[in-house]
Amino acid sequence: MNIYTRDKKIQQELKRQDIQNLLNYFQQLQEPVILRDIRKEFSGAKRLDKDLDFLIANSIISREDRRYQLSLVPLKEYPTTEKVEAFKEKMAGRYSIEELLVWLGEVLWLDDIDEIIAIDYDLPTLNRLETDSFRLATINHREKLSETLSNYFSNVDQPDKFPKLAPLLGDVNTEFFSNQIELVLERVLLRKKPKRTSIFLDSLVETKVVVAEPEWQVAIPCVDRTQLTDIEIEMNKKEQFFFGRQLAEQLLKGKESFTYMIKKKA
């Protein structure tokens with residue numbers, strides 16, 4: 001079960017292993033339990049009372065008549081399937097998949113939901129790496145992370161997930177790295193050969209952001225932010241949260257990820 005909330009402090013707390021163990025316990029219960037049963041199951045947990053209070057305060061579990069149970073009902077499938085299918089039918093032939101994915105990542109994607117929700121399946125993710133002039137973004141199918149720069153710098157605390165980039169980049173400062181790749185990208189966009197080899201150029205080549213053959217050029221979709229696809233949709237935040245992720249999953253069509261670049265300046 002995955003739990004999502006816009007509150008970063010709550011989200012961070014939910015990642016703690018003790019909390020995860022409690023959630024797994026409550027998820028498999030067939031009926032409410034009393035505190036004595038919970039203490040017996042988690043006899044070694046030092047923060048059990050505080051963790052239970054935290055989950056109750058955020059309406060993740062409930063306590064009634066001294067009995068505890070999971071109060072969130074995990075969604076087992078997307079609630080936006082009909083809307084996504086209607087949207088795809090309407091957009092068929094009007095925009096390419098690449099255009100729709102860039103629009104999805106820049107305009108439609110929403111993390112700011114108004115409630116805590118529980119989901120019984122993995123969702124696509126979106127990671128970004130910003131420079132002053134460019135934005136590199138990767139939309140990932142489900143929870144698996146491909147080796148892209150935006151994924152790496154959004155998960156620098158998990159180097160084992162990046163066997164190629166981690167040895168190359170190590171613990172390089174994100175701001176410094178962003179400044180350096182901006183210089184490389186500016187030259188390559190002009191079809192000019194980078195001035196020198198470096199880990200910054202190597203990382204762009206390794207992640208196929210730029211290629212040297214048949215000439216130096218950016219190899220991923222590159223869009224001026226003033227020229228984004230203009231599509232209007234109306235839905236509430238919860239619908240938009242799920243709609244964007246379900247649409248991303250279907251547009252990727254089994255691909256591991258999609259990476260693009262936005263030019264912030266004309």
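The structure this text deals with has already been given above.
It should be emphasised that the depicted structure is a prediction, and the values quoted were computed from it without experimental measurement. (Residues numbered from 1 in each chain as written. Predicted model: local features only at pLDDT ≥ 70, side-chain atom pairs only at ≥ 80, totals over all residues. Heavy atoms only, no water.)

*Asks:* For the sheet that holds strand β2 (residues 33-34), give the residues involved together with the corresponding values.
*Replies:* Strands sit in the order β2-β4-β3 across an open sheet of three strands; the sheet is antiparallel. A strand with exactly one partner marks an edge of an open sheet, and here the two such strands are β2 and β3 (61-64). Those strands touched by helix α2 (residues 17-27) are β2, β3 and β4 (67-70), and its axis lies near 95° from that of β4. The sheet strands contacting helix α4 (residues 48-57) are β3 and β4, and the helix crosses β3 at an angle near 100°. (Pairing = 2+ DSSP bridges. Helix = DSSP H or I, 4+ residues; strand = E, 2+ residues; numbered from the N terminus. Contact = heavy atoms within 4.5 Å. Axes fitted to C-alpha atoms, helices over the stretch in contact; angles between N-to-C directions.)

*Asks:* Can you tell me about the nonpolar core, naming the residues and giving the values?
*Replies:* In terms of nonpolar packing, the biggest core is built from 26 residues, with Leu-149, Phe-177 and Val-210 touching the most fellow members. Listed by contribution, the elements that provide at least two residues to this core are β7 (134-140), α7 (149-154), α8 (165-169), α9 (174-189) and α10 (199-206). Of all the elements, α9 adds the most residues to this core, at five residues. Look past the residues within four positions of Phe-177 in its chain and what remains in contact with it is Leu-129, Leu-149, Phe-153, Leu-169, Val-172, Phe-200 and Ser-203. (Core = buried A, V, L, I, M, F, W, Y, C linked by side-chain atoms within 4.5 Å. Buried < 20%, exposed > 50% of the residue type's maximum accessible area, 1.4 Å probe, protein only.)

*Asks:* Break down the packing of α2 against α4 for me, with residues and values.
*Replies:* The interhelical angle for the contact between α2 and α4, taken along N-to-C directions, is 65°, at an axis separation of 11 Å. By the criterion of interaxial angle, the relationship of α2 to α4 is roughly perpendicular. The two elements α2 and α4 cross, and the hand of that crossing is right-handed. Residue-level inspection shows Asp-18, Ile-19, Leu-22, Leu-23 and Phe-26 of α2 in contact with α4, the latter providing Leu-48, Asp-51, Leu-52, Phe-54 and Leu-55. (Parallel < 35°, antiparallel > 145°, perpendicular 65-115°, else oblique. Left-handed = near helix turned anticlockwise from the far one by under 90°.)

*Asks:* Mind laying out the pairing of β3, listing which residues take part and the relevant values?
*Replies:* Relative to β4, β3 runs antiparallel, the two sharing four bridges. Across the sheet, the residue bridging to Ile-61 is Leu-70, located in β4. Between β3 and the antiparallel strand that follows it, β4, lie two residues; Asp-65 among them carries a positive phi value of about 55°.

*Asks:* Please provide a residue-by-residue account of the pairing of strand β6 (residues 125-130), values included.
*Replies:* Where β6 meets β7, six bridges bridge the pair, whose relative direction is antiparallel. The residue bridging Leu-126 from the neighbouring strand is Ile-139, located in β7. Following β6, the chain reverses through three residues before pairing antiparallel with β7.

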